[in-house]
Structures are given as C-alpha cells and as structure tokens.
Amino acid sequence: MIAEFETITLFRPLLIFLIVALVGVLFFLIVIKRYRRVIGFLVAVFSVLSIIISAFLLYKMGVLADELNGGGDSFSFFLFLIISVLSIANLAVYFIKGRDFK
C-alpha cells in the first residue's frame with residue numbers, strides 16, 4: 001500500500017531511457033555524415049514518438065497519483081522537459097547539418 005504523500009515514480013526509468021536514447025541519436029547525428037535521407041525520417045519519427053510517449057507517461061503518473069492519493073513528481077516533469085528539448089535539438093541539428101552538406 002502506498003503511504004500518504006509518497007510520490008509515484010513507476011515510469012521514471014522509462015523516461016530516463018528515452019533521454020539516453022535521444023542523447024545517443026544526437027551523438028549519432030553529430031558524428032555520422034552519410035545516409036541523410038533515411039536518418040532524417042527516423043530522427044523525425046523518433047523525436048515525435050518520444051515526446052508523445054513521455055507526455056502519455058507523465059499523464060498516467062498524474063492519474064495514478066490522483067487515484068492512489070499520492071504526491072506529484074516534479075522530477076518526472078523536468079525529465080519530460082529534457083526529452084522535449086532533446087527532441088527539438090535532434091531535429092535542429094539534423095536540419096542545420098543537412099544544409100552544410102549540400
């Protein structure tokens with residue numbers, strides 16, 4: 001049973017995994033210079049999916065906290081913000097580097 005004012009942190013490892021994956025994609029974009037068309041599509045899909053998945057997890061954490069009378073988790077919100085910034089950064093790096101190679 002969840003104690004009073006305990007935070008719900010069930011989905012925190014998934015959010016951290018998304019951050020690690022997005023940092024890996026950012027590193028991959030900075031280092032690799034070939035196969036631009038395929039990489040661009042995959043970067044766009046992965047960035048949008050990571051934002052959607054993290055927003056859904058954040059929403060579900062709020063619903064669970066409300067249902068179980070638990071406390072909110074501000075750290076997970078900051079993880080969501082980091083995921084959003086990294087996703088936008090991945091797209092920006094792809095499009096900026098795409099102009100340099102033409």
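Above this text is the structure in question.
Throughout what follows, the structure given in this document is the object of discussion. (Residues numbered from 1 in each chain as written. Predicted model: local features only at pLDDT ≥ 70, side-chain atom pairs only at ≥ 80, totals over all residues. Heavy atoms only, no water.)

### Regarding the packing of aromatic side chains
In step 1: Applying the stated rule across the entire model yields two aromatic pairs.
In step 2: Ring centres of Tyr-94 and Phe-95 lie 5.1 Å apart, and the angle between their planes is 70°; this geometry places the pair in the edge-to-face category.
In step 3: Of the residues examined, Tyr-94 reaches a relative accessible area of 14% and is grouped as buried.
In step 4: The exposed category is assigned to Phe-95, whose relative accessible area is 52%. (Phe/Tyr/Trp six-rings, centres within 6.5 Å; stacked < 30°, edge-to-face > 60°. Buried < 20%, exposed > 50% of the residue type's maximum accessible area, 1.4 Å probe, protein only.)

### Focus on the nonpolar core
A general feature of soluble globular proteins is that nonpolar side chains tend to end up buried together.
In step 1: Membership of the largest hydrophobic core is limited to nine residues, which are Leu-15, Leu-18, Ile-19, Leu-22, Leu-26, Leu-57, Leu-79, Ile-83 and Leu-86.
In step 2: For this core, the element with the most residues is helix 1 (residues 12-31), which contributes five residues.
In step 3: Excluding residues that lie within four positions of it along the chain, Leu-86 makes contacts with Ile-19, Leu-22, Val-23 and Leu-26. (Core = buried A, V, L, I, M, F, W, Y, C linked by side-chain atoms within 4.5 Å. Helix = DSSP H or I, 4+ residues; strand = E, 2+ residues; numbered from the N terminus. Contact = heavy atoms within 4.5 Å.)

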